Every structure is written in C-alpha cells, then in structure tokens.
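Descriptive analysis of the structure
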Amino acid sequence: MSMCCEWCSSENITKEAISVFWELPDGTKAIEIKETPCISCKECGMNYQEEEIIEQIEDQLFLIDSKVLENSLTFKELLEKPRLLKRNYFKFD
Ligand SMILES: [Zn+2]
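Residues numbered from 1 in each chain as written. Predicted model: local features only at pLDDT ≥ 70, side-chain atom pairs only at ≥ 80, totals over all residues. Heavy atoms only, no water.

1. Describing the confidence of the model for the protein
Detail in the predicted coordinates should be disregarded across regions flagged by low pLDDT. Confidence in the prediction of the protein, expressed as mean pLDDT, is 91, and 89% of residues score 70 or more. Taken element by element, the predicted model of the protein shows its lowest mean pLDDT in strand S3 (residues 47-48) (94) and its highest in strand S4 (residues 72-74) (98). (pLDDT = per-residue confidence, 0-100. Helix = DSSP H or I, 4+ residues; strand = E, 2+ residues; numbered from the N terminus.)

Set out below in structure tokens:
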C-alpha cells in the first residue's frame, strides 16, 4: 500500500525529521521536540506527524516526570527518558 498525504491525498510525500512544539499533558508548558519524524507533502506543503508518532509522544509525556524535562530535546532523547509508571493506566484500548 502506497502512502499518501492525509490532507490532499497526494503521493508526492517524503519522510523527514523536524522540530515540533508540544504542550505537556498538564498544560504547564510546551517543549521543543527536535528531529521528530514527520510526513512532508510536496504538493500542499503540509508537515504532519503520523498517528503512531503522536501516540508515542503523548504516551511518553504522560509517563515520564515532566517537571524535570528539558525545554528542548530530540525525539529519541524523549523516548529514552525513564518512565514513572510501567504503562499508561488511563488508556483503555
Ligand atoms: Zn498534501
């Protein structure tokens, strides 16, 4: 199955890594996550994260100690942060 842009359905897309700003689950601040995998559409110019990446970021931000989190770090560094909880108890699927 070939991938296409979620916005304009163009297949003229590339996988890139960009900086994104993400609000913490508790809303206290937003952090910069560098080198975050994204889909970049050459047709409509949209850059967006795939659902799987968004889920990884959201889960991780929920499970780590965000009080000691840097304001800027890479996607890889974020995912390597030790978790406070073993799993996300608030996700029921
Ligand atoms: Zn597009």
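So, next bit.
2. Considering the coordination of the zinc ion
The coordination sphere of the zinc ion contains the protein donors Cys5 (SG), Cys8 (SG), Cys41 (SG) and Cys44 (SG), at a distance range of 2.2 to 2.4 Å. Mapped onto the sequence, the donors of the zinc ion take the spacing C-x2-C-x32-C-x2-C. Taken as a pair, Cys8 in the segment before strand S1 (13-23) and Cys44 in the loop between strand S2 (30-41) and S3 lie far apart in primary sequence, 36 residues in all. Given the relative accessible area of 33%, Cys8 is considered partly exposed. (Donors = N, O, S within 2.8 Å, 3.2 Å for Na, K, Ca; no water. Buried < 20%, exposed > 50% of the residue type's maximum accessible area, 1.4 Å probe, protein only.)

3. Focus: the pairing of S2
Side-chain direction in a regular strand flips from residue to residue, so the side chains alternate between the two faces of the sheet. Relative to S2, S1 runs antiparallel, the two being bridged by ten bridges. By the bridge assignment for S2, Val20 is matched with Ile33. The turn joining S1 and S2, which pair antiparallel and follow one another in sequence, is formed by six residues; a positive phi near 75° is taken by Gly27. Note: S2 against S4, three bridges, orientation parallel. In the strand pairing of S4, Ile33 is matched with Leu73. As judged from the two bridges shared by S2 and S3, these two strands associate in the antiparallel manner. By the bridge assignment, Ile39 is partnered in S3 with Tyr48. Hairpin geometry of S2 and S3 is characterised by an intervening segment of five residues between the two adjacent antiparallel strands and by a positive phi of about 80° at Gly45. (Pairing = 2+ DSSP bridges.)

4. A look at the pattern of salt bridges
Within this structure, the stated rule accounts for four salt bridges. A salt bridge links Glu50 to Lys15; its shortest N-O distance comes to 3.6 Å. Within this pair, whereas Glu50 is found in the loop between S3 and helix H1 (51-63), its partner Lys15 is found in strand S1, the two being separated by 35 residues in sequence. Between Lys42 and Glu16 there is a salt bridge whose closest N-O contact spans 3.0 Å. Taken together, the positions of Lys42 in the loop between S2 and S3 and Glu16 in strand S1 put the pair 26 residues apart, joining distant regions of the chain. (Salt bridge = Lys/Arg side-chain N within 4 Å of Asp/Glu carboxyl O.)

5. Examining the state of the cysteines
What makes a disulfide is a covalent bond joining the sulfur atoms belonging to two cysteines. As enumerated under the stated definition, the model contains zero disulfides in all. Cys5 provides the cysteine sulfur closest to Cys4, a residue in no disulfide bond, and the two sulfurs are 7.4 Å apart. (Disulfide = S-S within 2.5 Å.)

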